[in-house]
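A closer look at the structure
One letter stands for each residue in the lines below.
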2 protein chains.
Amino acid sequence: VTRSVDSAQSLIERVRAGHVPSIARMISRIESGSDGVVEQVAELYRLGGDARIVGITGPPGAGKSTLLTSLVRELRARNKTVGIIAIDPSSPFSGGSILGDRIRMGELYHDPDVYIRSMATRGALGGLTRATTDAVAVLDAAGKDVVLVETVGVGQDEVDIVRACHTTVVVSAPGMGDDVQAVKAGILEIADIHVVNKADRPDANRTIRELKTMLKDAGELSTGGWKIPVLATVAEDGKGVDELVDALERHYDHLVASGEMEERERTMAAHRLKTIIQNVALDRIEDPSIGPDFDDAVEDVRLRKRAPFTVALDLLEGSV
Amino acid sequence: VTRSVDSAQSLIERVRAGHVPSIARMISRIESGSDGVVEQVAELYRLGGDARIVGITGPPGAGKSTLLTSLVRELRARNKTVGIIAIDPSSPFSGGSILGDRIRMGELYHDPDVYIRSMATRGALGGLTRATTDAVAVLDAAGKDVVLVETVGVGQDEVDIVRACHTTVVVSAPGMGDDVQAVKAGILEIADIHVVNKADRPDANRTIRELKTMLKDAGELSTGGWKIPVLATVAEDGKGVDELVDALERHYDHLVASGEMEERERTMAAHRLKTIIQNVALDRIEDPSIGPDFDDAVEDVRLRKRAPFTVALDLLEGSV
């Protein structure tokens, strides 16, 4: 027992020191729900709190991956250490996609101050999962200055991202058609910073103008009186990425100065609690060693013998 | 009390008879969590079970809305009554989008045997919400032959849709760029039927070929030994929609004949139970009248005084 406590403690110490294989091992332990991982994450959570958590989202086709690569390069040029959690199934960061992107990112993969981890949401209920927020806590405790969380933003995940980050960046691109415009309108209010990528395209100005008009109609401000900027980037050659990093720093300063930071971190804490509660409630009702049998309950519902709500209450009460 | 029981009972009877304003009222009661709605949904759930639940998903820009309009028209031509739950924020069905679509759909809105309802997922944790599955149960009990559930398929929602439907259709289109191809690969395995819309475009055959190759590499079969077809449609003029409805019927027959139907409905029942349990667990911990104070708990987590997991357990145990 002493040895295992020692080794758990030294894993935490190595994570704290930014030791890459230990960070990787810690996140794998989270993903597989290893013994004692709950206590380790609790300890890491207690030690963290200094990282700036930035969510990056947007529809597929906006060039988000290329932008992310340029963004990390600029953050590194400013001596920031960076952690990336990629939960976008279309992103090369999360193991999908395109050879060109992987080659572009090659330099990042060899930089010890950049840690990239892809996480599967597939199969999980509840958008950003407990494993995702736990992994963010690990990178925070590991001393990363900035933790980037990447999702595809046209579903549930982009609502959750706002609840797990200090700053949310929404990336779009010109000429993606009316459907995508409509999606953009749907995610208008979640952005602290809008980026129109591929801004060298002829129709870029129109897109920027439209976004600005939509924002003006919506009141232009995100929570805490922040005026949401619309930035133009050409991620391919890094144009505008400098301004994006400036905007990220301005937003962070604004959060602190306005007192909005406290409110955001309250939202983040509440979201974290809710995610854990959902997870634990589901884990328990499926555990055959506690409470009524889940398979029997499912069968009653399938055969319409009992109402789902009644069965759910029985399961929930029997499982605590 | 007698009067209110009578009126609750007669609302259920009117829903059963397919009375449109009563269906609308019932779903509004679900959305606002009105008194007694749990018992009404339980009763409607018990009475239902005959509708074919079909999920339709795909990235924005695939022409999903136009295809859905043509699909409903074809189902009506075959004398099927149809219910639609639209939870795609970019869809004209859910109140967004484009004038042309609304005009095309005008005929559907005036057909008493087509019921269209958009539902917001915004702000909800957990993808397809309890309200969504309850609304499906209402349309099922109201005697709709087919209930279509529409989502945008590049995030969490499209995973959930498989767990709430008998058949899942994934719509894509040629020429949407490499990013979208990658997304398509990500949602490859959730489809029972693939549709390549806008098949009159010159690069359509390439897209169809690619999809078929991807499916072949993946083993080509969905659960229960069904060979996943790749259909070509031009939703604008209804081309291929006939074959899509044929494929839907073939898939339903296959589910019944292979015994896979029982497994699917078991998955649907389990998903339903889990959604309710998540909802109830969250409702309870936020209810100030039961258990520890949620705001105090959030504050402890924000200030990193206590670990989120420990706090979550306290909340969960105190709330039952």
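What counts, and where the lines are drawn
Residues numbered from 1 in each chain as written. Chains lettered and ligands numbered in written order. Predicted model: local features only at pLDDT ≥ 70, side-chain atom pairs only at ≥ 80, totals over all residues. Heavy atoms only, no water. Helix = DSSP H or I, 4+ residues; strand = E, 2+ residues; numbered from the N terminus. Buried < 20%, exposed > 50% of the residue type's maximum accessible area, 1.4 Å probe, protein only. Contact = heavy atoms within 4.5 Å. Areas by Shrake-Rupley, 256 points an atom, 1.4 Å probe, with all protein chains shown as cover. Salt bridge = Lys/Arg side-chain N within 4 Å of Asp/Glu carboxyl O. Pairing = 2+ DSSP bridges. Axes fitted to C-alpha atoms, helices over the stretch in contact; angles between N-to-C directions. Parallel < 35°, antiparallel > 145°, perpendicular 65-115°, else oblique. Left-handed = near helix turned anticlockwise from the far one by under 90°. Nonpolar A, V, L, I, M, F, W, Y, C, P; charged D, E, K, R; others polar. Phe/Tyr/Trp six-rings, centres within 6.5 Å; stacked < 30°, edge-to-face > 60°. Lys NZ or Arg CZ within 6 Å of the ring centre and 35° of its normal. Expected span 1.5 Å × (residues − 1). Core = buried A, V, L, I, M, F, W, Y, C linked by side-chain atoms within 4.5 Å.

Remarks on the overall build of chain A
- Within chain A, the regular secondary structure consists of 13 helices and nine strands.
- The buried share of chain A, reckoned over its 320 residues, is 57%.
- Long-range pairs, those at least 24 residues apart, make up 75% of the contacts in chain A with a sequence separation of at least 6.
- In the structure as shown, chain A presents an accessible area of about 12600 Å², 49% of it carried by carbon and sulfur atoms.

Here we look at the environment of B:H110
- Mapping B:H110 onto the fold places it in the loop between helix 5 (99–109) and strand 3 (114–118).
- Spatially, the C-alpha atoms of B:H110 and B:R130 are 28 Å apart, while their sequence positions differ by 20 residues.

A look at unusual backbone geometry
Residue and element names in this part refer to chain A.
- In the Ramachandran plot, K198 falls in the positive-phi region, its phi being about 55° despite a non-glycine side chain.
- Look at K198 and you get partly exposed, because its relative accessible area is 24%.
- The backbone of R304 sits at a positive phi, close to 55°, despite the residue not being glycine.
- On the secondary structure map, R304 appears in the loop between helix 12 (294–302) and helix 13 (308–318).
- By relative accessible area, which is 23% here, R304 ends up partly exposed.

What to know about the pattern of salt bridges
Residues and elements named next belong to chain B.
- Using the criterion set out here, one finds 44 salt bridges over all chains in the structure.
- With its nearest N and O atoms 3.4 Å apart, the salt bridge here joins D300 to R306.
- We classify R306 as partly exposed; its relative accessible area is 31%.

Some points on the sheet that holds strand 1 (residues 52–57) of chain A
All names here are of chain A.
- Overall, parallel pairing links the seven strands, which are arranged 3-2-4-1-5-6-9 in an open sheet. Looking at which strands have only one partner, the edges of the open sheet turn out to be strand 3 (114–118) and strand 9 (230–232). Averaged over all neighbouring strand pairs, the angle between strand axes comes to 20°, with direction disregarded.
- Looking at chain direction, strand 1 and strand 4 (residues 146–150) are connected through five bridges and run parallel. Across the sheet, residue I53 finds its bridge partner in strand 4, namely V147.

Brief notes about the packing of helix 4 (residues 64–77) of chain A against helix 10 (residues 241–258) of chain A
All names here are of chain A.
- Running from amino to carboxyl end, helix 4 crosses helix 10 at an angle of 70°, the nearest separation of the two axes being 9 Å. Put simply, helix 4 runs roughly perpendicular to helix 10. Where helix 4 crosses over helix 10, the two elements pack in a sense that is right-handed. In this structure, helix 4 contributes L67, S70, L71, E74 and L75 to the contact, and helix 10 contributes V241, D242, L244, V245 and L248.
- In terms of residue class, the contact of helix 4 with helix 10 is built from seven nonpolar, one polar and two charged.

Things to note about the packing of aromatic side chains
- One pass over the full model with this rule turns up zero aromatic pairs over all chains.
- Seen from the ring of A:Y252, A:R52 lies directly overhead, with NZ or CZ sitting 3.9 Å from the centre.
- Positioned above the aromatic ring of A:Y45 is the side chain of B:R304, whose terminal nitrogen or guanidinium carbon lies 4.2 Å from the ring centre.

Focus: helix 2 (residues 20–32) of chain B
- Helix length check: helix 2 of chain B (13 residues) gives 19 Å between terminal C-alpha atoms against 18 Å at 1.5 Å per residue, within 8%.
- Remark: B:G33 follows helix 2 of chain B within two positions and exhibits a positive phi of approximately 60°.

Comments concerning helix 11 (residues 260–286) of chain B
- Compared with the 39 Å implied by 1.5 Å per residue over 27 residues, the 39 Å span of helix 11 of chain B between its first and last C-alpha is a close match.
- Across the 27 residues that make up helix 11 of chain B, a large majority, 19, are buried.

With respect to the nonpolar core
- Formed by 39 residues in total, the largest nonpolar core has its most connected members in A:L273, A:I277, A:L315, B:L273, B:I277 and B:L315.
- Elements with a contribution of two residues or more to this core: helix 11 (260–286), helix 12 and helix 13 of chain A together with helix 11, helix 12 (294–302) and helix 13 (308–318) of chain B.
- Setting aside chain neighbours within four positions, we find A:L273 in contact with B:F294, B:A297, B:V298, B:V301, B:P308, B:V311, B:A312 and B:L315.

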